Amino acid sequence: MAVALMWEARAAGGRGGELLAWARARTLDPAPARRETFTAPVDRVLVITWWDAELSAELPELPDPPDELLHRDVHRWRFEPVPG
């Protein structure tokens, strides 16, 4: 089974580069099978980690960044791949 964990945050005004650097510096133990990092307009940062696990498994997740880096709360979701 596989699961993808999505972590998305919007940086406080003009702090997108700092938020991106903060997210990229976070390590997870154990490490995921795959990790992808994206940026989007309005200083948003998205990290997707892929795991060989069940949807309900206890997995390490990125923590919340320091409040001063955030425009709003972090969003987190879990997804399962759909066959076919």
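Note: the structure precedes this text.
The paragraphs below set out a description of the structure included in this document. (Residues numbered from 1 in each chain as written. Predicted model: local features only at pLDDT ≥ 70, side-chain atom pairs only at ≥ 80, totals over all residues. Heavy atoms only, no water.)

### Comments concerning unusual backbone geometry
Note that the residue after Asp 29, namely Pro 30, is joined by a cis bond; omega there is 5°. Along the chain, Pro 30 turns up in the loop between α1 (16–25) and β2 (34–40). At Asp 43, a residue that is not glycine, the phi angle is positive and equals roughly 60°. Residue placement: Asp 43 occurs in the loop between β2 and β3 (44–51). (Helix = DSSP H or I, 4+ residues; strand = E, 2+ residues; numbered from the N terminus.)

### Remarks on the nonpolar core
Counting residues in each nonpolar core, the largest one holds 18 residues, and the members touching the most others are Trp 7, Leu 19 and Trp 51. Taken together, the elements giving at least two residues each to this core come down to β1 (3–10), α1 and β3. Examining the composition of this core, we find that four residues originate from one element, β1, more than from any other. Here Trp 7 is in contact with Leu 19, Trp 22, Ala 23, Val 45, Leu 46, Val 47, Leu 62, Pro 63, Pro 65, Val 74, His 75 and Arg 76, once residues within four sequence places are set aside. (Core = buried A, V, L, I, M, F, W, Y, C linked by side-chain atoms within 4.5 Å. Buried < 20%, exposed > 50% of the residue type's maximum accessible area, 1.4 Å probe, protein only. Contact = heavy atoms within 4.5 Å.)

### A look at α1
Along α1, the positions that sit buried rather than exposed are Gly 16, Leu 19, Trp 22 and Ala 23. Relative to the axis of α1, the buried residues are bounded by an arc of 125° and lie together on one face. In α1, the exposed positions that point more than 90 degrees away from the buried face belong to Gly 17 and Arg 24. For α1, the elements touching its buried residues are β1, β2 and β3. (Arc of directions from axis to C-beta.)

The values are spatial; any link to function lies outside them.
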